[in-house]
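What the coordinates show
The primary structure of each chain is shown beneath.
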Amino acid sequence: MKNTLAGLKKGQKAIIVDFNIDLIPLKLLEMGCLPGNLVEVLQIAPFGDPIYINVNDSHVAIRLETAFEIDVEILTP
Amino acid sequence: MAVQTIKISLIGNPNTGKTSVFNQLTGLNQQVGNYPGITVERKQGTVRLGENTKGTVIDLPGTYSLNASSMDESVVIELLLNRNDKDFPDVAVVVTDVENLKRNLLLFTQIKDLEIPAILVINMADRMQRKGISLNIPYLEEQLKTKIALVSSRKGTGINELKELIVNYKYLPTEPCLNASSIDPDYFDKLRQAFPNQLLYKLWLVITQDVNFGQLERNEIEKSSFTKSKTELKRLQQKETIKRYQFINNVLKQGQTVDTAMAKDLRARLDRVLTHKVFGYVIFFSILLLIFQSIFAWSSVPMDLIDEGFSWLSSYTSKNMPPGKLTELVTEGIIPGIGGVVIFIPQIAFLFLFISILEESGYMSRVVFLMDRIMKRFGLSGKSVVPLISGTACAIPAIMATRNIENWRERLITILVTPFTTCSARLPVYAILIALVIPNRMVLGFFNVQGLTLMLLYMLGFASAIISAMILNKVLKTRYKSFFVAEMPNYKLPLAKNVAITVIEKTKAFVYGAGKIILAISIVIWFLGSHGPGEEFKNAEQIITNEIGNTQIDPDKLNDKIAAYQLEHSYIGIMGKSIEPAIKPLGYDWKIGIAIVSSFAAREVFVGTLATIYNIGSGSEDEATIKERMKAETDPETGKKIFNFASGLSLLLFYAFAMQCMSTLAVTKKETNSWKWPLMQLFGMSAFAYLVSLITYQLLK
């Protein structure tokens, strides 16, 4: 099964593998959310959404619906 | 020798301290305006650069890249692509944050591709040591083909070096840092052949943007065979972004060293507390409570002073100017009109003082993060929190604060529901009505019923905003994709200068936005109240004197009686009477009708109008007197009190819901660029107010 960014727990790190380009805002790409980059989930808001990530040294909050479109390879258990 | 003027554009990502650099460069020599036709703020200032040189600096809206996704951002691109624009910069000053250099350089490399002379400002240099960052400046300058100014806008260092670089802008290299066209050589070759006179990167930007600029060129390109599907274009943009990051990463690998052990910082620890699922909310609501408490405590003193000052000015001018129409216009139209605007400045300034401190410190972004899920359920965004809080001061700056909501649908809903929040103009109305119809006693030992009612009205404001958002969310069918990207900036100590400038700007937005309209309508209402058709108005003095006959009467009282009679037969009195059938079921008489009509200038006019109608006499808007008079008012037919619990509550609710603010309608029109939405606010809110008041009165009477 493929892992997406939405499935990560708080504190978990992963490498971005691929994403659905039509559903990812360009702004997020420009902040460094690109295949090959390291992403870490720093905080998860109450009710599980949005999530607060560090990707490419950008600290940014995105909604789960966006995170679902980002495939990752989990690094830390 | 003539003075040489250099045109400078300040460009940078949000949260890089760009505005602080702007403030350092220009001091208070700045003007804020709007770009023609759109509401994006345009900040310009001047800076002295030397004996015979000065600079005009434009602070362009913060943008992450040259790919526009909002109105603010398209302004930047429009300017940079149009060499004929009168503001086209001689030199671009690109501001970056030393802690986010990698991401900030993306925009820089794009600007270099446009072959505009560019200076790289690395801001917040004072943090380098603490964060364990060191930079190889000569190497970076060589690789990025630019000159670098290490600046700390917080400490004010490096500004002189930056000025020197600006003066010598002609020596800056203009070649690009990397070859972006290698992402699809075939495509770009064809493009180059088709438009040999155009800058390649400029063509590419024009092709990929959704915004309309350089329309002629765009049409030209679209006719040709260079159109690609949206997905293809976005893929290429992704490739381009990756390529740029590759370049930046390579440069930074040698040019920057970061001691990661030292980079561990406050952020993580503060985030853990401030976004905690329990403490996060507790802290947020405590801060809110504190803010509201202090706004009321602090602003009552200046507000009383302003109130007294304007009544004094009004009576002073009426005594010292020759009697006549002009004097009446000044003392009864213009001065109270201006007073009605100025009185709200303390509350608005205090609220924005707090909001800008919270925003500057980086805390507001955490609130956005905490609240997004809850707000999303109602069709709003986490970013709607700031407008909704601002709405308790005034809906105008609040609606303007919705601009950073990326999603148009969420932004629109926020704009539409913000006027429900209890703004400061509702307070005087609430205060007098509550004092009149709500008993002043304690419940449960320590809750004052009157205070409790006021609090409930505040909560009612928020609740109705949220509920109507939910309804709009169901009703509105727009096909905008929802997306939400909120940067979580590092925590910073707010800079006093930046906070002060924000407060001044927001207050100005109110004074000029609302002020003009409130003043204009005050004058119109004065006119309608002091002129009337027919004999009754003209001969009011005669009629009243005859009525009284020979009974002895205090001349002041006589004048008040005449004034009240005149008002009854003035245009506005006629308007009040003609709507009486419609408002009778709500428990109001024609006098309240007049007050409601004049409230369309601004709600607080209600109190002043009633004072005149109940012939308390102009000038003495003493609350106690008005209250006494309102209390004594009875219905001539039934003999019952006009202001009883039922009608009072119905009136409170009417003011809570009705859209009675022309200035808000005007700003909604401006921000949504359509009459549809302000009209919807006007009729939707007012119809709802009518319905609620009707039910309330009919049930309680």
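Keep in mind that what you see is a predicted model, and the values were worked out from it rather than measured.

1. Focus on the overall build of chain B
Assigned secondary structure in chain B consists of 33 helices and 12 strands. Dimensions of chain B, computed from C-alpha atoms along their principal axes, come out at roughly 100 × 65 × 50 Å. Burial analysis of chain B (701 residues in total) assigns 42% to the buried set. Across chain B, contacts joining residues at least 24 apart in sequence account for 74% of those joining residues at least 6 apart.

2. So, the overall build of chain A
Of regular secondary structure, chain A possesses 2 helices and 6 strands. Secondary structure elements of chain A, listed N to C terminal, follow the sequence β-β-α-β-β-β-α-β. Its C-alpha radius of gyration of 11 Å places chain A within 12% of the 11 Å reference for a compact globule of 77 residues. Residues classed as buried in chain A amount to 47% of the 77 residues present. Relative to all contacts within chain A whose residues are 6 or more apart in sequence, the contacts with residues 24 or more apart total 60%.

3. A word on the nonpolar core
All names here are of chain B. Residues V94, I119, V121, C394 and I396 are the most contacted members of the largest nonpolar core, which totals 181 residues. Top element by residues in this core is helix α22 (residues 496-530). It accounts for 9 residues. Residue assignment places this core across two domains, with domain 1 (1-264) and domain 2 (279-475) each supplying three or more.

4. Let's talk about the environment of K18(B)
Residue and element names in this part refer to chain B. Structurally, the position occupied by K18 is in helix α1 (residues 18-26). Exposure remark for K18: the 25 C-beta atoms within 10 Å place this residue in the buried category. K18 sits 99 residues away from P117 along the chain, and the two C-alpha atoms are 18 Å apart. Leaving out residues up to four positions away in the same chain, K18 has contacts with L10, G12, D59, G62 and V95.

5. Quick word on the sheet that holds strand β5 (residues 58-62) of chain A
In space, the 7 strands of this open sheet follow the order β1(A)-β6(A)-β2(A)-β3(A)-β4(A)-β5(A)-β12(B), with antiparallel pairing throughout. Lying at the two open borders of the sheet, with one neighbouring strand each, are β1 (3-4) of chain A together with β12 (485-487) of chain B. In this structure, β5(A) lies alongside β12(B), joined through 3 bridges in antiparallel fashion. Paired with V60(A) across the bridge in β12(B) is E487(B). Against the sheet, helix α16 (residues 363-377) of chain B touches β4 (51-55) and β5 of chain A together with β12 of chain B, its axis set at about 150° to β12(B).

6. So, the domain arrangement of chain B
Entries for chain B in the domain assignment read domain 1 (1-264) and domain 2 (279-475). Inter-centroid distance (C-alpha atoms) of domain 1 of chain B to domain 2 of chain B is 38 Å.

7. Considerations on the interface of chain B and chain A
A common way to state how big an interface is: give the accessible area lost once the parts meet. In this assembly, 29 residues from chain B lie in contact with 28 residues from chain A. Elements supplying a minimum of two residues to the side of chain B that touches chain A: α3 (101-113), α10 (230-255), α16 and β12 of chain B. Counting residues per element, the side of chain B that touches chain A draws most heavily on α10(B), which supplies 8 residues. Across the side of chain B that touches chain A, the residue classes break down as 11 nonpolar, 9 polar and 9 charged.

8. Remarks on the packing of helix α13 (residues 279-320) of chain B against helix α14 (residues 325-342) of chain B
Residues and elements named next belong to chain B. Following both chains from N to C, one finds α13 and α14 inclined at 170°, their axes separated by 9 Å at the closest point. It follows that α13 is roughly antiparallel to α14 by the angle criterion. When α13 is examined against α14, the residues I306, F310, L313, S314, T317 and S318 are found in contact with a partner set consisting of T327, V330, T331, I335, P336, G339 and V342. Its residues assigned to classes, the contact of α13 with α14 shows 7 nonpolar, 6 polar and no charged.

9. Quick look at the packing of helix α19 (residues 408-417) of chain B against helix α21 (residues 449-475) of chain B
Residues and elements named next belong to chain B. Contact geometry for α19 and α21: axes closest at 9 Å, N-to-C directions at 140°. The pairing of α19 with α21 is recorded here as oblique in orientation. Regarding α19 and α21, the two cross each other, and that crossing is right-handed. Between α19 and α21, the residues in contact are I413, L416 and V417 and A465, S468, A469, L472 and N473, respectively. For the contact of α19 with α21, the per-class residue count stands at 6 nonpolar, 2 polar and no charged.

10. What to know about the pairing of strand β6 (residues 118-123) of chain B
Residues and elements named next belong to chain B. β6 sits mainly inside the fold: 6 of its 6 residues count as buried. By the alternation rule, side chains of β6 split into A118, L120 and I122 and I119, V121 and N123, which are all buried. Since strand β5 (residues 91-97) and β6 lie parallel, the crossover through α3 that links them has a hand, and here it is right-handed.

11. Looking at the confidence of the model for chain A
A residue-level look at chain A finds 97% of positions with pLDDT of 70 or above and a mean pLDDT of 88. When the elements of chain A are averaged for pLDDT, helix α1 (residues 26-30) of chain A gives the smallest value, 85, and β4(A) the largest, 92.

12. Here's the deal with the confidence of the model for chain B
Low pLDDT means the predicted coordinates in that region are not meant to be read closely. Residue and element names in this part refer to chain B. In the predicted model, chain B carries a mean pLDDT of 83, and 91% of its residues have values of at least 70. Below a pLDDT of 50 lies the segment residues 211-216, which in the model reaches 9 contacts outside its immediate sequence neighbourhood of four places, other chains included. Confidence estimates for the predicted assembly give a pTM of 0.81 and an ipTM of 0.94.

13. Describing the environment of Q4(B)
Residue and element names in this part refer to chain B. Within the fold, Q4 resides in strand β1 (residues 4-12). The sequence separation of Q4 and S650 amounts to 646 residues, and the corresponding C-alpha distance is 66 Å. Apart from the residues lying within four places of it in its own chain, the contact partners of Q4 are N52 and T53.

14. Considering the pairing of strand β3 (residues 38-44) of chain A
All names here are of chain A. Alignment of strand β2 (residues 13-19) against β3, held across 3 bridges, turns out to be antiparallel. Bridge pairing in β3 links K13 to E40. Pairing geometry for β3 and β4, over 5 bridges, is antiparallel. Bridge pairing in β4 places I44 opposite I51. With antiparallel pairing between neighbouring strands as the criterion, β3 and β4 make up a hairpin whose turn holds 6 residues, including F47 at a positive phi of roughly 70°.

15. Structural notes on unusual backbone geometry
Cis geometry is adopted by the peptide bond preceding P50(A), which originates at D49(A) and carries an omega value of -5°. With respect to the secondary-structure elements, P50(A) resides in the loop between β3 and β4. With a phi angle near 70°, D57(A) is a residue other than glycine that sits in the positive phi range. We note that K145(B) has phi near 55°; this positive angle belongs to a residue other than glycine.

16. Things to note about the environment of V57(B)
Residue and element names in this part refer to chain B. Following the sequence through the fold, V57 ends up in strand β4 (residues 53-59). For V57, a count of 25 C-beta atoms within 10 Å corresponds to the buried category. Linking V57 and K43, residues 14 residues apart in sequence, is a C-alpha distance of 8.3 Å. Once you skip the residues sitting within four places of it in the chain, V57 turns out to touch I8, L10, F22, L25, T26, Q44, G45 and V47.

What counts, and at which threshold
Residues numbered from 1 in each chain as written. Chains lettered and ligands numbered in written order. Predicted model: local features only at pLDDT ≥ 70, side-chain atom pairs only at ≥ 80, totals over all residues. Helix = DSSP H or I, 4+ residues; strand = E, 2+ residues; numbered from the N terminus. Buried ≥ 20, exposed ≤ 12 C-beta atoms within 10 Å, placed from the backbone. Contact = placed C-beta atoms within 7 Å. Rg over C-alpha atoms; globule rule 2.2 N^0.38 Å. Core = buried A, V, L, I, M, F, W, Y, C linked by C-beta atoms within 7 Å. Domains from an automatic or database assignment. Pairing = 2+ DSSP bridges. Axes fitted to C-alpha atoms, helices over the stretch in contact; angles between N-to-C directions. Nonpolar A, V, L, I, M, F, W, Y, C, P; charged D, E, K, R; others polar. Parallel < 35°, antiparallel > 145°, perpendicular 65-115°, else oblique. Left-handed = near helix turned anticlockwise from the far one by under 90°. Right-handed = clockwise from strand over helix to strand, strands pointing away. pLDDT = per-residue confidence, 0-100.

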